[in-house]
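Residue strings, one per chain:
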Amino acid sequence: MLPRLLMALVAALIGFVIGVAVRTATGIDSLGLAVAVVSGVVLTMLVDAVRGHRLLNWLRGNQFENAPRDTGLWGEVGYRIERAVRDRDRAVARNRLELEQFLSAIEASPNGVLMLDTHEQIVWCNRVAADHFALDPQRDLRQRITNLVRAPAFVAYLQAGNFAEPLVLGNGRGPGTLSIIVREYGEGMRLVLSLDVTERMRSEAMRRDFVANVSHEIRTPLTVLSGFIETMHTLPLTAVERERVLVLMNQQTQRMQTLVADLLTLAQLEGSPRPAPDRWVGLDGLLLRISADAEALSAGRHQLRLKPETHVELAGIESELLSAIANLVTNAVRYTPDGGEVEVAWRPLEGGNGELTVIDSGPGIAREHIPRLTERFYRVDGSRSRETGGTGLGLSIVKHVMQRHGGELMIQSEVGKGSRFRLVFPAARVRQASDSALGDEAAFNAAALSDH
């Protein structure tokens, strides 16, 4: 208040001077006093009016510039108002930034988020929700959701108002399944959350099929074993009949053991880390061991060409590579009729990749079966597969091994013209074997064959 008092004193002093001048000119004391008082008051009001007008002009503007820097009361009022405006602007900017970050986080969510007002009009939605419900995030704002998503189940779900359980609905932009959850908030506002559960539904279906297939595969030999055991308990069998029953029981037992072993192999492949690319295995040694097993399985009934001299090493786990190649070779021997041919060939590809091919002259596979051959327990001919001792898991194991080693299993076949199974290995896992490694491997293979 001090500057304001000083201003009043200055105005009074100026009014006094003016009053003295008027009194001197007119000789009237009362007139001089009146002029002095009026002059002081008018001068004070004029200064206040000018300062107040400057502040009002600043308030009527955009407040981007600083408030008038006057002294006294009006200067203090202007400063306080300016600081309040700046605090408000900073709060608005901070809230806007937090809102943008919040919306960006929702935008990055794998779930669809859709906000509806009290009239079920779209207030905001992220891109995932727009994709799920076939919406345009900008054009469809303030549109009623039931006018855009007309699936009867979805409309009935919103109108019923019972959101205790999620709604399972087909994807609006193609094949797939959505799980939709609605939550109410505020006064009549609704939050619609959508999640693509296509893979989960497919996995659950695969799990059900897998359990059913395993149960079926194990139930069959168990039923046979149970029947043979009951026969041996209840019927007097001759030595020859008893021997035949024991042989059949042993076959069923081996079948179950093979099935369990393949299941354990698959579980191990799916749960193990990817093989390191610095453990090298000689391919020729693997083919030599596989060739010995294939010749024993064929028993001279086929023409086998299984020993190409590749001089190649593969990076990976020896047992897995052996299992993958052996599965292809033994399958070729099992399904190729007597007198047929089975061949293993290696060839380098462009870019340093390599390809191991297993070729047979068997009956071939119809085109519609090829995409499903690597599914667990899938068989082109179930009865024939069981007769040959197959479990329906071999090609699934091969596919998993190749995926873990960064490679690919490719199948080419035509009915009546045999089959060609190709294992394509990436360049990072293929190299030429050194001379010392070839010598050590040859000695090891010779010892292993002599033991075999």
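If you're wondering where the values come from, they're calculated on a predicted model, not measured in any experiment. (Residues numbered from 1 in each chain as written. Predicted model: local features only at pLDDT ≥ 70, side-chain atom pairs only at ≥ 80, totals over all residues. Heavy atoms only, no water.)

**Q** For this particular structure, what's the right way to read the overall build of the protein?
**A** Looking only at helices and strands, the protein has 13 helices and 13 strands in total. By the burial criterion, 35% of the 452 residues in the protein qualify as buried. (Helix = DSSP H or I, 4+ residues; strand = E, 2+ residues; numbered from the N terminus. Buried < 20%, exposed > 50% of the residue type's maximum accessible area, 1.4 Å probe, protein only.)

**Q** When you look at the side chain of serine 419 in this model, what are you seeing that I'm missing?
**A** By the element assignment, serine 419 lies in strand 12 (residues 419-425). Engagement of the side chain of serine 419 in a polar contact is seen with the side chain of serine 413, the distance being 2.8 Å. (Polar contact = N/O pair within 3.5 Å; in protein donor to acceptor, adjacent residues only side chain to side chain.)

**Q** Would you take a moment to explain the environment of asparagine 57 for this structure?
**A** Considering the arrangement of structural elements, one finds asparagine 57 in helix 2 (residues 29-60). With 10 residues separating them along the chain, asparagine 57 and alanine 67 place their C-alpha atoms 9.6 Å apart.

**Q** Where do I start with the side chain of aspartate 360 in this structure?
**A** Structurally, the position occupied by aspartate 360 is in strand 10 (residues 354-360). For aspartate 360, a relative accessible area of 11% puts it in the buried group. Within the structure, aspartate 360 has its side chain in polar contact with the backbone nitrogen of glycine 362 (distance 2.9 Å). Apart from residues lying up to four places away in sequence, aspartate 360 is in contact with Ala332, Thr336, Glu341, Val342, Gly418, Ser419 and Phe421. (Contact = heavy atoms within 4.5 Å.)

**Q** For this particular structure, what's the right way to read the packing of aromatic side chains?
**A** Any aromatic ring pair is given by two values, namely how distant the centres are and how the planes are angled relative to each other. Counted according to the given criterion, the structure contains two aromatic pairs. Centroid distance phenylalanine 133 to phenylalanine 154: 5.6 Å. Interplanar angle 45 degrees. Geometry classified as tilted. Here phenylalanine 154 lies in helix 6 (residues 152-160) and phenylalanine 133 lies in helix 4 (residues 127-133), a separation of 21 residues in the sequence. Phenylalanine 154 carries the same exposure label as phenylalanine 133, and that label is buried. Relative to phenylalanine 163, the ring of tyrosine 157 has its centre 5.3 Å away and its plane inclined at 65 degrees; by these criteria the two rings are edge-to-face. (Phe/Tyr/Trp six-rings, centres within 6.5 Å; stacked < 30°, edge-to-face > 60°.)

**Q** Sorry if this is basic, but what is going on with the sheet that holds strand 11 (residues 408-413) here?
**A** In a beta sheet, neighbouring strands pair by backbone hydrogen bonds and run either parallel or antiparallel. Spatially, the five strands line up as an open sheet ordered 7-9-10-12-11, and their pairing is mixed. What marks the edges here is a single partner per strand, and that holds for strand 7 (303-305) and strand 11. Here the strands of the sheet are splayed against their neighbours by 15 degrees on average, with no regard to which way each runs. Relative to strand 12, strand 10 is paired through seven bridges, and the arrangement is antiparallel. Bridging across to strand 12, threonine 357 finds its partner in arginine 422. (Pairing = 2+ DSSP bridges. Axes fitted to C-alpha atoms, helices over the stretch in contact; angles between N-to-C directions.)

**Q** Before we go on, may I ask you to explain helix 6 in this structure?
**A** Think of an α-helix as turning once every 3.6 residues; residues three or four places apart then point the same way. Of all the residues in helix 6, the buried ones are Phe154, Val155, Tyr157 and Leu158. Projected down its long axis, helix 6 carries its buried residues within an arc of 160 degrees, all on one side. Seen from the open side of helix 6, the exposed residues pointing more than 90 degrees away from its buried face are Pro152, Gln159 and Ala160. Of the surrounding elements, those touching the buried residues of helix 6 are helix 4, helix 5 (145-148), strand 3 (167-170), strand 4 (177-185) and strand 5 (189-196). One or two positions beyond helix 6, positive phi appears at glycine 161, with a value near 75 degrees. (Arc of directions from axis to C-beta.)

**Q** For this particular structure, what's the right way to read the nonpolar core?
**A** As a rule of thumb, soluble globular proteins bury nonpolar side chains together. Leu314, Ile325, Val329, Trp346, Leu356, Leu423 and Phe425 are the most contacted members of the largest nonpolar core, which totals 44 residues. Not counting residues up to four positions away in its chain, the partners in contact with leucine 356 are Leu283, Leu287, Ile325, Val344, Ala345, Trp346, Phe421, Arg422, Leu423 and Phe425. Within the second largest apolar cluster, 20 residues are counted, among which are Leu114, Phe154, Leu167 and Val192. (Core = buried A, V, L, I, M, F, W, Y, C linked by side-chain atoms within 4.5 Å.)

**Q** Please clarify how the pattern of salt bridges should be interpreted in this entry.
**A** Between side chains of opposite charge, a pair can form when the charged atoms approach closely. Counted according to the given criterion, the structure contains 19 salt bridges. Across the salt bridge formed by glutamate 355 and arginine 422, the nearest N and O atoms sit 2.7 Å from each other. Of the two residues, glutamate 355 is situated in strand 10 and arginine 422 in strand 12; the sequence distance between them amounts to 67 residues. Each member of the pair, glutamate 355 as well as arginine 422, carries the same accessibility label: buried. Salt-bridge contacts for glutamate 414 lead to lysine 417; the nearest nitrogen and oxygen are separated by 3.6 Å. Look at the salt bridges and you will find they share partners, linking Glu120, Arg144, Glu184 and Arg190 into a network. (Salt bridge = Lys/Arg side-chain N within 4 Å of Asp/Glu carboxyl O.)

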